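For reference, the chains in residue letters:
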Amino acid sequence: MLLRGPHGARPPHPFSFFPPDNSLMAGSEQYTISFAAPVSPTKDTLAALRQATAGHHARIESLIGLGGPFGRHHYGLVLQGFGAFLHGWEPAVARALPRPLLPWFARGRRAFLIDRDLAVLGLHMPAPGLAVVPAIADRPEALGSLYVMEGSALGGQLIAASLRHRLKIDADNGGAYFNGCGSGTAARWREYRQLAQSYLDEDARARGKAVDAAVRTFDALITTFETLLNDERAAA
């Protein structure tokens, strides 16, 4: 295993929607861990989540298409897709989490930011039936599903920078969702990692449920965006 720092290390893809799953955020610096071979079964929850969802991660990045040139129309469709998904997903996670974790979760809820962005951009929220939302039954499944969306919030900081550069969109004129917690996003990702590890590392059954929920969350997002973007692809 090789630990590489910001000096001389190859940076992650600058427009990756989801962050590199092997990222460790430390202050203003990012370090990446490169594995020479697949990791064997382990108690490390984050490693298990990373390994199980690697293919899904790549698939949805390609599907969403924010890694290259994109215009306002495509950006609006992406916002609508996440809006439809989050308006079903956030209540499902809130129902599954134990009461002590609800204040932490509430601070990171972002569906209202999409509502704000769509209103600024003059777009409507899609019909509720558009999104596929995974079933989330308990704390392990909620933590597994949160791996996907908290990771997307961290990667969303890169998209926020791209929006400012490409479309002159910032947090005040249609980019609030991807801006998210702004400078506090890396700290929130560290908090999520600590929660996942503290609740799941020593419980193999719970860890397995979390991994399954993360995979199903990616599957739900992929299905949602395949449906939403089908017409755009057909017209291209």
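Per chain, the residues get numbers from 1 upward, laid out in the order the sequence is written. Whole-chain, interface and lining totals are the exception, using all residues; otherwise, since this is a predicted model, local features are given only for residues with pLDDT of at least 70 and side-chain atom pairs are given and counted only at 80 or more. Heavy atoms from the whole structure form the basis of all side-chain values; hydrogens and water molecules are not counted.

Colleague: How do you make sense of the overall build of the chain when you look at a structure like this?
Modeller: Broken down by element type, the chain carries eight helices and three strands. Counting the 236 residues in the chain, one finds 48% classified as buried. Whether two residues are in contact is decided by their heavy atoms: any pair within 4.5 Å suffices. Contacts in the chain between residues far apart in sequence, at least 24 positions, make up 82% of those at least 6 positions apart. Residue-level accessible areas treat just the shown protein chains as cover; the underlying method is Shrake-Rupley with a 1.4 Å probe. When the accessible surface of the chain is summed, it comes to about 11,100 Å², and 56% of that surface belongs to carbon and sulfur atoms. Secondary structure elements are taken from DSSP: a helix is a run of H or I of four residues or more, a strand is a run of E of two residues or more, and numbering for both begins at the N terminus. Note on exposure labels: buried denotes an accessible area under 20% of the residue type's maximum, exposed denotes more than 50%, and partly exposed covers the range between, all computed with a 1.4 Å probe on protein chains only.

Colleague: Teacher, can you tell me more about unusual backbone geometry here?
Modeller: Glycine aside, a negative phi is what most residues show, and trans is what most peptide bonds show. Positioned with a positive phi, K168 is a non-glycine residue whose angle comes to about 60°. Summarising the element assignment, K168 is placed in the loop between α5 (139-167) and α6 (176-179). Since its relative accessible area comes to 61%, K168 is described here as exposed.

Colleague: Any chance you could explain helix α1 (residues 45-64) here in plain terms?
Modeller: Along an α-helix, residues three or four apart share an orientation, since each turn contains 3.6 residues. One fewer than the residue count of a helix, multiplied by 1.5 Å, yields its expected span. Counted at 1.5 Å a residue, the expected span for α1 with its 20 residues is 28 Å, and the 27 Å between its end C-alpha atoms agrees. The sharpest bend along α1 comes to roughly 55°, located at T53. Polar contact is the term for a pair of N or O atoms within 3.5 Å; when the atoms are in protein, one must be able to donate a hydrogen and the other to accept it, and sequence-neighboring residues count only if both atoms are side-chain atoms. The opening residue of α1 is D44, an N-cap whose side-chain oxygen sits 3.0 Å from the backbone nitrogen of L46. G65 occupies a position one or two residues after α1 and carries a positive phi of about 70°. A residue's bend is simply the angle between two axes: one fitted to the seven residues ending at it, one to the seven starting at it.

Colleague: Would you mind going over helix α2 (residues 72-96) with me for this structure?
Modeller: For α2, which comprises 25 residues, the first-to-last C-alpha distance of 35 Å matches the rise-based estimate of 36 Å (1.5 Å per residue) to within 8%. Roughly 30° is the biggest bend found in α2, and it falls at L86. Taking burial as the measure, the 25 residues of α2 include 18 buried ones, the bulk of the element.

Colleague: Explain the side chain of R188 here, please?
Modeller: Locating R188 in the fold gives a position in helix α7 (residues 185-200). Once you skip the residues sitting within four places of it in the chain, R188 turns out to touch W104, F105, R107, G108, E150 and C181.

Colleague: What am I meant to see in the pattern of salt bridges here?
Modeller: Opposite charge on two side chains makes pairing possible when the charged atoms of those side chains draw close. Basic side-chain nitrogens of Lys or Arg form a salt bridge, by our definition, when they fall within 4 Å of a carboxyl oxygen of Asp or Glu. Overall, the coordinates contain six salt bridges when judged by the stated rule. Residue R59 is joined to E226 by a salt bridge in which the shortest nitrogen-to-oxygen separation is 2.8 Å. Placement of R59 in helix α1 and of E226 in helix α8 (residues 204-235) is noted, with a sequence separation of 167 residues between them. Residue E226 is classed as partly exposed on the basis of its relative accessible area, which comes to 29%. Its salt-bridge partner being R216, residue D212 comes within 2.8 Å of it at the nearest N-O pair.

Colleague: Got a minute to help me understand the packing of aromatic side chains in this structure?
Modeller: Within a pair of aromatic rings, the relevant descriptors are the distance that separates the centres and the angle that separates the planes. For Phe, Tyr and Trp, rings pair up if their centres lie within 6.5 Å, where Trp contributes its six-membered ring, and each pair is then called stacked (planes under 30 degrees apart), edge-to-face (over 60) or tilted (otherwise). Overall, the coordinates contain nine aromatic pairs when judged by the stated rule. Ring geometry for F82 against Y177: centres 5.6 Å apart, planes inclined by 35°, an arrangement best described as tilted. You can see F82 sitting in helix α2 and its partner Y177 sitting in helix α6, a full 95 residues away along the chain. Judged by centre distance (6.2 Å) and plane angle (45°), the rings of Y147 and W189 are tilted. One end of the pair, Y147, is in helix α5; the other, W189, is in helix α7, with 42 residues separating them in the sequence.

Colleague: Would you mind going over the nonpolar core with me for this structure?
Modeller: Side chains that are nonpolar tend, in soluble globular proteins, to be buried together. Of all hydrophobic cores here, the largest spans 63 residues; its most connected members are F178, Y192 and F225. Looking at which element gives the most residues to this core, the answer is α2, with 12 residues. Not counting residues within four places of it along the chain, the set of residues in contact with Y192 comprises L46, L49, W104, L143, L146, Y147 and E150. Definition of nonpolar core: a set of buried residues of the types Ala, Val, Leu, Ile, Met, Phe, Trp, Tyr and Cys, connected through side-chain atoms within 4.5 Å.

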